[in-house]
Amino acid sequence: MTTPISTEYEGKLSAGLARLARVINTESEPEPIYEAILREAQSLVACEQAHLYIYGYGLDGQAHPSFLVNLAAAESTTSAPSVRVEVLSAERAACLMAEEELLVRAVALRETVTGLVKGSQEKTLGVFPLEARGRLQGLLALRQTRCLVDDEITVGARLGELAATALALLASQRHQQESEVRFLSRLAHELRSPLNAINGYLDLSLSGVGGELSEQQREFMQRARVGSEYLYALLEDLLLLGRANTGQLRLRKQVTHLSELVTNALEDLELTLEDAEIQVSTQLADLPPIYADPIRLQQVLRNFFSYLVAQARPQDQLLLLASVEAEGETPIEEDRPEENGRWLHLELEGPLGDHQETQESEKGVLASETLRALAIARLIIEQHGGVLAQEERAGGRCALLARLPIVLS
């Protein structure tokens, strides 16, 4: 049964719930939804602080606080407060819950609890359990220097009902994404073994272990090898996207040389470039070593070439330029010592194509594949702390421009 509230609070609550509902229906990322919940709580209840404890469930089926969300103060008068999400370890969560006994009581009773904060004679804490779909999704904790009145407690509870539904939806989406990543990981494990076997036997055949090959047989073997490598790369792309969506993407950086990665990428695309009759020129300065994930950076180069080759016509040319930003142009970041150094500039120029020409033809399918490749390249570059841009140039040309802080001083 809904607890009645005064007309003044009823109007404010209706408007606040409508605003929150609009955010929930339009946003797919959690941070804007967290921010909307906290802003409405602080606005409707006029509290000094509002925190969200986001709950997860362990293998034992027990709920435990996994995230703490609050609105961080703005750094300047012109910027708005931003959402800060703290991932809670078991020790940190236990410490927080021990400090605020009211939080523990709210979890145990599954009902709103208010009272003085332990060790304080000034702060009053109102805790609203956010329960939906038969599970505790989190807690909304509101702090104030005075006691919360009955209307404010009712408003907090009704706001919490909508917030709980939103958190349940986010938890369901997160669980679905994690399930997809687990499925892709199992699929990759099952497919890698036969693909490695196919690649191995093709390499043995091409090396002449099974006897001399005719020119036609060698071409057939090479094309089979290229197709197998494409399947392997596609599988890696899908895994990368899945891991990125769940925050599990990790780079394995090491000292390497760009020239080696460019050579390897062009070897992977040798037959593709030959069939398309595309020429590639490279201008790589005497570059110092770089500190990056060589597999992922080679993937960026391969995707760059694939993107522009798909738009090229016979006899078109691609030009790859690489240079290093002069020493001292970029300030050193003390909190990121692994990336302290100079910036690498990559520029690949080629023909400017129109991906909207043929949406239903095979070329349209190819266009969507190349756009996927470019999206993955952007993701890898950003994971390295860099940026990717695309620039149209005169003469029907375009350029892919990447800037990465990976050159060792």
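Residues numbered from 1 in each chain as written. Predicted model: local features only at pLDDT ≥ 70, side-chain atom pairs only at ≥ 80, totals over all residues. Heavy atoms only, no water.

Considerations on the overall build of the chain
On a plain count of helices and strands, the chain comes out with 10 helices and 13 strands. Split into buried and exposed, the 409 residues of the chain put 38% on the buried side. In the chain, of all internal contacts separated by at least 6 residues, the share reaching a separation of at least 24 is 65%. When the accessible surface of the chain is summed, it comes to about 22,400 Å², and 50% of that surface belongs to carbon and sulfur atoms. (Helix = DSSP H or I, 4+ residues; strand = E, 2+ residues; numbered from the N terminus. Buried < 20%, exposed > 50% of the residue type's maximum accessible area, 1.4 Å probe, protein only. Contact = heavy atoms within 4.5 Å. Areas by Shrake-Rupley, 256 points an atom, 1.4 Å probe, with all protein chains shown as cover.)

What to know about unusual backbone geometry
With a phi close to 55 degrees, A46 is a non-glycine residue in the positive phi region. Positive phi values are uncommon outside glycine, yet R133 reaches one of about 55 degrees. As for its position among the elements, R133 is in the loop between β5 (124–132) and β6 (135–144). Accessibility expressed as a relative area gives 60% for R133, which makes it exposed.

With respect to helix α9 (residues 294–309)
Between its terminal C-alpha atoms α9 stretches 22 Å, which fits the 22 Å expected from 16 residues at 1.5 Å a residue. A distance of 3.2 Å separates the backbone nitrogen of I295 from a side-chain oxygen at the start of α9, and that oxygen is part of D293. (Expected span 1.5 Å × (residues − 1). Polar contact = N/O pair within 3.5 Å; in protein donor to acceptor, adjacent residues only side chain to side chain.)

Some remarks on the confidence of the model for the chain
Looking at the chain, the pLDDT average stands at 80 and 85% of residues meet or exceed 70. pLDDT under 50 marks residues 328–340. Its contacts with residues more than four places away, or in other chains, come to 13 contacts. Every residue in residues 355–366 scores below 50 in pLDDT, and together they form 10 contacts with partners more than four places removed in sequence or on other chains. (pLDDT = per-residue confidence, 0-100.)

Re the UniProt feature "coiled-coil region" (unreviewed entry) in the chain
If you check UniProt for "coiled-coil region" (unreviewed entry), the listed places come out as residues 259–286 in our numbering. Taken end to end, residues 259–286 has its terminal C-alpha atoms 9 Å apart, with 61% of it in helix and 21% in strand. (UniProt positions renumbered as here; feature names shortened; annotations may be inferred.)

Concerning the side chain of N303
Along the chain, the position of N303 falls in helix α9. Not counting residues up to four positions away in its chain, the partners in contact with N303 are A373, I376 and A377.

Focus on the packing of aromatic side chains
Here the structure, examined in full by the defined rule, presents zero aromatic pairs. In this structure, R135 packs its charged tip against the face of Y57, placed 4.0 Å from the ring centre. A cation over a ring is seen here: R403 above W343, with NZ or CZ 3.9 Å from the ring centre. (Phe/Tyr/Trp six-rings, centres within 6.5 Å; stacked < 30°, edge-to-face > 60°. Lys NZ or Arg CZ within 6 Å of the ring centre and 35° of its normal.)

What to know about helix α3 (residues 90–99)
One full turn of an α-helix is made of 3.6 residues, so residues set three or four places apart face in the same direction. Of the positions making up α3, those classed as buried are A93, L96 and M97. The arc that holds every buried residue of α3, seen down its axis, measures 95 degrees, which confines them to one face. Close packing links the buried residues of α3 with β1 (49–57), β2 (63–72), α4 (101–109) and β6. (Arc of directions from axis to C-beta.)

Considerations on the pattern of salt bridges
If you walk through the whole model with that rule in mind, you get 13 salt bridges. In this structure, E152 and R146 form a salt bridge, with 2.8 Å as the shortest nitrogen-oxygen distance. Looking at E152, the relative accessible area reads 2%, which means it is buried. As a salt-bridge pair, E349 and R393 come within 2.7 Å of each other at their nearest N and O atoms. In this pair, E349 is assigned in strand β11 (residues 342–351) and R393 in strand β12 (residues 387–393), connecting sequence segments 44 residues apart. Shared partners join several salt bridges into a network, and the residues in it are E347, E349, E391, R393 and R397. (Salt bridge = Lys/Arg side-chain N within 4 Å of Asp/Glu carboxyl O.)

Looking at the packing of α3 against α4
Closest axis-to-axis distance for the α3/α4 pair is 4 Å, and the angle between their directions is 95 degrees. Considering their axes alone, α3 and α4 lie roughly perpendicular with respect to each other. Where α3 approaches α4, its residues L96, M97, A98 and E99 are matched on the opposing element by E101, L103, V104 and V107. Among the residues forming the contact of α3 with α4, the class breakdown is six nonpolar, no polar and two charged. (Axes fitted to C-alpha atoms, helices over the stretch in contact; angles between N-to-C directions. Parallel < 35°, antiparallel > 145°, perpendicular 65-115°, else oblique. Nonpolar A, V, L, I, M, F, W, Y, C, P; charged D, E, K, R; others polar.)

Brief notes about a nonpolar patch on the surface
Together, F183, L187 and L191 give the surface a local cluster of nonpolar side chains, amounting to about 250 Å² of exposed area. With respect to the element layout, L187 can be found in helix α5 (residues 150–206). Taking relative accessible area as the criterion, L187 reaches 31% and is therefore assigned partly exposed. (Patch = residues over 30% accessible without salt bridge, like charges linked within 9 Å, V, L, I, M, F, W, Y side chains within 5 Å.)

Description of the packing of helix α2 (residues 30–45) against α5
Following both chains from N to C, one finds α2 and α5 inclined at 175 degrees, their axes separated by 10 Å at the closest point. By the angle class used here, α2 and α5 are roughly antiparallel. Where α2 approaches α5, its residues P30, I33, Y34, I37, E40, A41, L44 and V45 are matched on the opposing element by E152, V155, G156, L159, A163, A166, L167, L170 and R174. Considering only residue class, the contact of α2 with α5 consists of 13 nonpolar, one polar and three charged.

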